[in-house]
Amino acid sequence: MTFNWDRINNELQIRAPYILRIISSIASDIPKQVDGYSIHTLCTVASALHARSSYMSFIQYVVGFVLTHGGCSKRDMERMCSLGFNVSPSSLQRKLTSWHEHLDEEVNNLHRGMMSEKNMRYQLVGDNWDKDLLPSYRTTDRGTISLHLFNVIAVKDRVPCTEEANADQVDLQPSVFMPSLQDQKQLENELVFLISTSIIHHLPALEDLVEVYPTHLNHPFSEYAGIKTEQHPLGLFDCDEKKTTDMIQLLGSLQDKYALLLEDGSVKEPFFFGGDRLTDERVQTAQEAMKNGGTQKERLEGFISKIEDFHRLMNFLEAINKQVFSTESSSDRGTLYFFRNLLNARGVKGKVKNSYREHKMLYYTVLDAICCLLFLKESGMDDPEGDFLFPEEFPNFSNTEKVDWLNDMVRPIVQKYFFDGKSDILSDVREVISDPNHPENYWISNEQNGRLKCHHCEKSYVNVGSLKAHESKIHQVSIPAPQRKKKQINDELNNYILAVFKLVLLHRNLDSAVDMADGPRSVRSAMYELPQYNKTNKIKYAIGSIHLTALSKEGALTNELRQSLIANRFINLQGGKNNNMALDEYVELLNRDSKIVCKGFQTKESIIHHSKEYPILVNFVKKLESESGIRGRKGFHTLPNYNKDVHCVLKDLIEIDALSEKGSRKLRCRKIVAEKDIYKNTEQGLANLIHRHKPLTPYCRLRNPRL
């Protein structure tokens, strides 16, 4: 992994100077000017040296790795070996197998270190790996084989955990799952940073502030955000995560190898098993199935499952997409689908999960244009290309004073257009879920010791359905479901633009938190997502938000585990404070790349046996591409046009006067008529959802069947 062409060329000058001089004269008439592709050609000298000595075989290994990555068959590699282009398949396999042993030893060292050192931790992250194997020819007994495997990696924590006194476990009230006033004040600071960053990159009058304004929003773990993450692939396992028996078997085998087990079957300390919401649910189901075991080991309590952030981002964008995106709105100027056609963003099609990045770039383009338009309106500017009237003493400001000045300019915009002049944007939702006498909370308001007491007599029931039947039959009580508040919108376009601004800004805040490894911001975002998931009937991820919020509160976990859950949610492959990604996104990338590498293996057994090699081959080929200057493929809609697209959208928004309230403007497409208050009508059924799914223990966090 440390090779480069210059080092090989220098070594050849030492080992074979005369042969190199001959080949150089063939490649170029002026050997001193040999560079670029020609220097790669000079390294074919290694083929002649390999024929003389089998130990001079580095280039042959490189060729072998590339052929294996491309799915070359063993027979073809033997043919190429006979011509001296690569090493034999058996030599290549021995090299890869030797790396297996090195990888296993590194993971074992992590395990031993975690058993002996308090502050050394790691976690496992997994996701399903599905692939169809097509037969070379079809018969009645030879058809397509559908593989369902499971990919797992081990990730060492970057942020060390500090020992603190653990808080007592408390019963979490529904109001805890809503952001507090202090949380919303912190959100205000984060949104000021995002909007300021947006406008200085897209308004020419403020472009001088790009060099001054910080690119990283400091948080408690900023000093660790730029450190590369140590991760180790554990390979593919024969497990279909949709089958509980397979998950029990997988968790049992992983627990025996990697969990901190004591001789009596107890767990010294559990560690986290991350994944998407489906994986999180399947791990809990497996633990629920084994909860009658006699020891912690038998109950599979070596793991605490958790939901990761990439699938949260994707599903949050789906929830936004349900509210503000429709293919029927192409004639409504100012809507997202109109701008999709205007910008010719052909990648934005189908479901969000099938083209997430294309959807995200469209939404961010419109968001940046709205941010610029808000700043122009509040600062009294008419032309985005015009000059801005800075204070007279502005040139004498220090860099810190310039940053503070810009933040002070943007803060009123956040308070006016995002918070609508309120200190609590979720006050209505908080009032409903906290009021035991509200009709939303009627059936769960009399919960006592796990039983639901009748409101009119002394009887109590385990299930809420039994209580409803009793009160309806005996006491003739029928509580109708609260009706949603009717929409009263004067200017539908203006409300729609502001709703897009608020929703997409919340999504970008979570996305930025992942990039900057800001764990506290990522966890707080779950409280803003929960009402939106409830409103759009994305119940699975609403449950995930409830679980994540509950585990991050004091009392649910030990303080060390809670800090690890919050701080170590990201992976960094190249270094740099803004180059982080979610753990489940990295597993998705491994899945994608490994499905390309495994083309040369056509049975389940061979794919599983060689699965630890796939990340090695992928990393090696990426290293080769980097050293050789090979560029990636171009897409339909590329990033270099992003700034131009923002100005195109901004110009259109200015022409339609999008931010001025005009009572006569209506949207033809009724599916995307949105309230300016994005949390209006999000409280229906939310209190019951929280009561039913708030976890009582870190394990087996399935719904409470009594509610």
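Residues numbered from 1 in each chain as written. Predicted model: local features only at pLDDT ≥ 70, side-chain atom pairs only at ≥ 80, totals over all residues. Heavy atoms only, no water.

Some points on the overall build of the protein chain
Consideration 1: When you go through the protein chain residue by residue, the secondary structure sums to 26 helices and 12 strands.
Consideration 2: Radius of gyration (C-alpha) of the protein chain: 30 Å, near the 27 Å computed for a compact globule of 707 residues.
Consideration 3: With the principal axes as the frame, the protein chain shows a C-alpha extent of 95 × 75 × 60 Å.
Consideration 4: Sequence-distant contacts, at least 24 apart, represent 75% of the contacts inside the protein chain between residues at least 6 apart.
Consideration 5: When the accessible area of the protein chain is evaluated, it comes to approximately 34000 Å², of which 49% is carbon and sulfur surface.
Consideration 6: Here the protein chain contributes 91 positive and 92 negative side-chain charges, whose respective centroids are spaced 6 Å apart. (Helix = DSSP H or I, 4+ residues; strand = E, 2+ residues; numbered from the N terminus. Rg over C-alpha atoms; globule rule 2.2 N^0.38 Å. Contact = heavy atoms within 4.5 Å. Areas by Shrake-Rupley, 256 points an atom, 1.4 Å probe, with all protein chains shown as cover. Lys, Arg positive; Asp, Glu negative; His and termini not counted. Charge placed at Lys NZ, Arg CZ, Asp CG, Glu CD.)

A few points about the sheet that holds strand S7 (residues 303-307)
Consideration 1: The strand order S3-S2-S1-S6-S7 describes an open sheet built from five strands, whose pairing is mixed. Strands with a single pairing partner mark the edges of an open sheet, and in this sheet they are strand S3 (231-237) and S7. Geometrically, the sheet is characterised by an average inter-axis angle of 25° between neighbouring strands, direction not taken into account.
Consideration 2: Pairing of strand S2 (residues 145-156) with S3, which is carried by six bridges, proceeds in the antiparallel orientation. Note that in S3 the partner of Phe 150 across the bridge is Phe 237. (Pairing = 2+ DSSP bridges. Axes fitted to C-alpha atoms, helices over the stretch in contact; angles between N-to-C directions.)

Quick look at the side chain of Glu 241
Consideration 1: Tracing the chain through its elements places Glu 241 in the loop between S3 and helix H10 (244-258).
Consideration 2: Here Glu 241 sits buried without a salt bridge, and the closest side chain of opposite charge, Arg 282, lies 6.1 Å off (N-O distance).
Consideration 3: In terms of polar contacts, Glu 241 uses its side chain to reach the side chain of Thr 279, at 3.0 Å.
Consideration 4: Setting aside anything within four residues of it in sequence, one finds Glu 241 in contact with Asn 128, Phe 150, Met 247, Leu 278, Thr 279 and Arg 282. (Buried < 20%, exposed > 50% of the residue type's maximum accessible area, 1.4 Å probe, protein only. Salt bridge = Lys/Arg side-chain N within 4 Å of Asp/Glu carboxyl O. Polar contact = N/O pair within 3.5 Å; in protein donor to acceptor, adjacent residues only side chain to side chain.)

Considering the packing of aromatic side chains
Consideration 1: If you walk through the whole model with that rule in mind, you get 23 aromatic pairs.
Consideration 2: Measuring from ring centre to ring centre gives 5.8 Å for Phe 65 and Trp 99, while their planes differ by 35°; the resulting arrangement is tilted. Of this pair, Phe 65 sits in helix H5 (residues 58-69) while Trp 99 sits in helix H7 (residues 89-116), and the two are 34 residues apart along the sequence.
Consideration 3: In this structure an aromatic cluster arises from ring pairing among Phe 375, Phe 388, Phe 390, Phe 394, Phe 397 and Trp 405.
Consideration 4: Over the face of the ring belonging to Tyr 61 we find Lys 95, whose NZ or CZ atom lies 5.6 Å from the ring centre.
Consideration 5: The aromatic ring of Trp 129 is capped on one face by Lys 595, whose charged end is 5.9 Å from the ring centroid. (Phe/Tyr/Trp six-rings, centres within 6.5 Å; stacked < 30°, edge-to-face > 60°. Lys NZ or Arg CZ within 6 Å of the ring centre and 35° of its normal.)

Looking at the nonpolar core
Consideration 1: Judged by nonpolar contacts, the single largest core of 119 residues is most densely connected at Ile 199, Tyr 363, Phe 418, Phe 501 and Leu 653.
Consideration 2: Excluding residues that lie within four positions of it along the chain, Phe 418 makes contacts with Leu 187, Leu 191, Ile 413, Ile 425, Phe 501, Lys 502, Leu 505 and Leu 506.
Consideration 3: One finds Val 107, Met 120, Tyr 122 and Val 152 within the second-largest nonpolar core, a separate group that totals 29 residues. (Core = buried A, V, L, I, M, F, W, Y, C linked by side-chain atoms within 4.5 Å.)

Structural notes on the sheet that holds strand S10 (residues 460-461)
Consideration 1: Read from one edge to the other, the open sheet built from three strands follows the order S8-S9-S10, with strand pairing classed as antiparallel. Pairing within the sheet leaves two strands with one partner each, and these edge strands are strand S8 (447-448) and S10.
Consideration 2: Pairing between strand S9 (residues 451-453) and S10: two bridges, direction antiparallel. The residue bridging Leu 452 from the neighbouring strand is Tyr 461, located in S10.

Examining the packing of helix H14 (residues 356-379) against helix H25 (residues 642-655)
Consideration 1: At a minimum axis distance of 8 Å, the contact between H14 and H25 shows a crossing angle of 55°. Judged on the interaxial angle alone, H25 and H14 are oblique. Seen from above, H14 lies across H25 with right-handed handedness. Mapping the contact onto sequence places Met 361, Tyr 364, Thr 365, Val 366, Asp 368, Ala 369, Ile 370, Cys 372, Leu 373 and Leu 376 in H14 and Tyr 642, Asp 645, Val 646, Val 649, Leu 650, Leu 653 and Ile 654 in H25.
Consideration 2: Classifying every residue of the contact of H14 with H25 gives 14 nonpolar, one polar and two charged. (Parallel < 35°, antiparallel > 145°, perpendicular 65-115°, else oblique. Left-handed = near helix turned anticlockwise from the far one by under 90°. Nonpolar A, V, L, I, M, F, W, Y, C, P; charged D, E, K, R; others polar.)

Section: the UniProt feature "domain: C2H2-type" (unreviewed entry) in the protein chain
Consideration 1: UniProt's entry tags residues 452-480 with the feature "domain: C2H2-type" (unreviewed entry), counted in the numbering of this structure.
Consideration 2: With 38% helix and 14% strand, residues 452-480 has its two end C-alpha atoms placed 19 Å apart. (UniProt positions renumbered as here; feature names shortened; annotations may be inferred.)

Comments concerning the pairing of S7
Consideration 1: Counting buried residues along S7, five of its five residues qualify, which places the element largely inside the surrounding structure.
Consideration 2: Going residue by residue along S7, you find Phe 303, Ser 305 and Ile 307 tucked away on one face and Ile 304 and Lys 306 tucked away on the opposite face as well.
Consideration 3: Two strands pair when backbone bridges link them, and strand S6 (residues 271-275) and S7 are joined in this way by five bridges, in the parallel orientation. Each bridged residue has a counterpart across the sheet, and for Phe 272 the counterpart in S7 is Ile 304.
Consideration 4: The parallel pair S6 and S7 is bridged by helix H11 (residues 277-289), and the resulting crossover is right-handed. (Right-handed = clockwise from strand over helix to strand, strands pointing away.)

Concerning the pairing of S2
Along a regular strand, successive side chains alternate from one face of the sheet to the other.
Consideration 1: Relative to S2, strand S1 (residues 122-133) is paired through 12 bridges, and the arrangement is antiparallel. Residue pairing in the sheet places Trp 129 in a bridge with Leu 149 of S2.

Quick notes on the environment of Met 581
Consideration 1: Structurally, Met 581 is set in strand S12 (residues 580-582).
Consideration 2: Using a relative accessible area of 17% as the deciding quantity, one classes Met 581 as buried.
Consideration 3: Sequence separation of Met 581 and Ser 512 is 69 residues, and the distance between their C-alpha atoms is 10.0 Å.
Consideration 4: Leaving out residues up to four positions away in the same chain, Met 581 has contacts with Val 514, Arg 569, Phe 570, Ile 571, Leu 573, Tyr 586 and Leu 589.

Let's talk about the packing of H14 against helix H15 (residues 399-418)
What describes two packed helices is the angle between their axes and the distance between those same axes.
Consideration 1: Here H14 crosses H15 at 105°, and the two axes come no closer than 10 Å. As far as their axial angle goes, H15 and H14 are roughly perpendicular. Facing Leu 374, Phe 375, Lys 377, Glu 378 and Ser 379 of H14, the residues of H15 in contact are Met 409, Ile 413, Lys 416 and Tyr 417.
Consideration 2: Here the contact of H14 with H15 is built from residues that sort into five nonpolar, one polar and three charged.

Focus on H5
Consideration 1: Along its 12 residues, H5 runs 17 Å from first to last C-alpha, staying within 8% of the 16 Å computed at 1.5 Å per residue.
Consideration 2: Where H5 is concerned, the buried positions are Ile 59, Gln 60, Tyr 61, Val 62, Gly 64, Phe 65, Thr 68 and His 69.
Consideration 3: Backbone geometry just downstream of H5 places Gly 71 in the positive-phi region, at approximately 85°. (Expected span 1.5 Å × (residues − 1).)

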